[in-house]
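Results of the structural survey
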Amino acid sequence: MTIRPILIHPDPRLKTVAAPVGEITEEIRTLAEDMLQTMYDAPGIGLAAPQIGRSIRLLVMDCVKEEGATPRPLVLVDPEITWSSEEAATYEEGCLSIPDQYADVTRPAEVEVTWTDLEGKPQTERFTGLWATCVQHEIDHLDGKLFIDYLKPLKRQMITRKMAKLKRERARA
């Protein structure tokens, strides 16, 4: 397993709509393992393939945060939201591609998602709470959308400037 570098916004690859994965290959399984390792190392609760420079519809997530609880890593290939609740929930979101920046985002409180697992089997699950927020956030990445796109333009521009500065500082280091 390899920890992959995470792209930092602004990066045009984060704004691109990802292509379907289609067939589950050994390369896809290895990429999914690397993504889980990268996500846990960051640390984060979700990671989409575009965040590591791969423009394919693949995401990983694990929203189990309680100390001592059993992790529940999920790998979603070609995920699709098939139902959303009318009830909304607001969470303070962050993103591994936008480090140390957080903002409240309102999304459907519950969603049903279908995807293919790494064995090529179709899966469906209804997500609530943090899981619902996370899966929607990660599917947004697959559609070239970032959580800051939900914010007012001034706040979005401020965060984008901070990220551009961070990238310049990292490049010099």
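These remarks concern the structure in this document. Quick caveat, the model's predicted, so the values are computed rather than measured.

Regarding the sheet that holds strand 1 (residues 46–48)
The strands that make up a sheet are held in pairs by hydrogen bonds between backbone atoms, and each pair lies either parallel or antiparallel. The strand order across the open sheet formed by five strands is 1-2-3-6-7, and the pairing between neighbours is antiparallel. Bordering the open sheet on either side are strand 1 and strand 7 (122–128), each of which pairs with just one other strand. Adjacent strand axes in the sheet meet at a mean angle of 40°, parallel and antiparallel pairs treated alike. Relative to strand 7, strand 6 (residues 110–116) is paired through seven bridges, and the arrangement is antiparallel.

Comments concerning unusual backbone geometry
Going from His9 to Pro10, the amide bond is cis rather than trans, its omega being 0°. For Pro10, the position within the fold is in the segment before helix 1 (26–41). In this structure, the amide linkage connecting Ala42 to the following residue, Pro43, adopts the cis form with an omega of -15°. By secondary structure assignment, the location of Pro43 is in the loop between helix 1 and strand 1. In this structure, Asp78 takes a positive phi of about 50° despite not being glycine. Taking the relative accessible area as the measure of exposure, Asp78 reaches 24% and is therefore partly exposed. At Asp100, a residue that is not glycine, the phi angle is positive and equals roughly 65°. By secondary structure assignment, the location of Asp100 is in strand 5 (residues 98–108).

Quick look at the packing of aromatic side chains
All told, the structure shown has two aromatic pairs when counted by the stated rule. When the ring of Phe127 is compared with that of Trp131, the centres are 6.3 Å apart and the planes differ by 15°; the resulting orientation is stacked. Look at Phe127 and you get buried, because its relative accessible area is 1%. On the accessibility criterion, Trp131 (17% relative accessible area) is buried. An aromatic cluster of three or more residues is present, and its members are Trp115, Phe127 and Trp131. Between Arg72 and the ring centre of Trp131, over which it is positioned, the NZ or CZ distance is 5.1 Å. One Lys or Arg, Arg126, reaches over the ring of Trp83 and ends 3.8 Å from the middle of that ring.

Brief notes about the pattern of salt bridges
The final tally for this structure, using the stated rule, is eleven salt bridges. Where Glu26 meets Arg29, a salt bridge forms, and the shortest distance between an N and an O atom there is 3.2 Å. Taken together, the residues Glu26 and Arg29, both in helix 1 and three residues apart, mark about one turn of the helix. Classification of Glu26 as exposed rests on a relative accessible area of 55%. Under the relative-accessibility criterion, Arg29 is labelled partly exposed at 28%. Across the pair Arg54 and Glu27 runs a salt bridge whose closest N-O atoms are separated by 3.1 Å. On the criterion of sequence distance, the pair formed by Arg54 in the loop between strand 1 and strand 2 (58–61) and Glu27 in helix 1 is long-range, its members being 27 residues apart.

Thoughts on the environment of Trp115
Tracing the sequence through the fold places Trp115 in strand 6. On the basis of relative accessible area, Trp115 is assigned to the buried category, the value being 7%. Along the primary structure Trp115 and Ile139 are separated by 24 residues, whereas in three dimensions their C-alpha atoms are 11 Å apart.

Cut-offs used in this document
- Residues numbered from 1 in each chain as written.
- Predicted model: local features only at pLDDT ≥ 70, side-chain atom pairs only at ≥ 80, totals over all residues.
- Heavy atoms only, no water.
- Pairing = 2+ DSSP bridges.
- Helix = DSSP H or I, 4+ residues; strand = E, 2+ residues; numbered from the N terminus.
- Axes fitted to C-alpha atoms, helices over the stretch in contact; angles between N-to-C directions.
- Buried < 20%, exposed > 50% of the residue type's maximum accessible area, 1.4 Å probe, protein only.
- Phe/Tyr/Trp six-rings, centres within 6.5 Å; stacked < 30°, edge-to-face > 60°.
- Lys NZ or Arg CZ within 6 Å of the ring centre and 35° of its normal.
- Salt bridge = Lys/Arg side-chain N within 4 Å of Asp/Glu carboxyl O.

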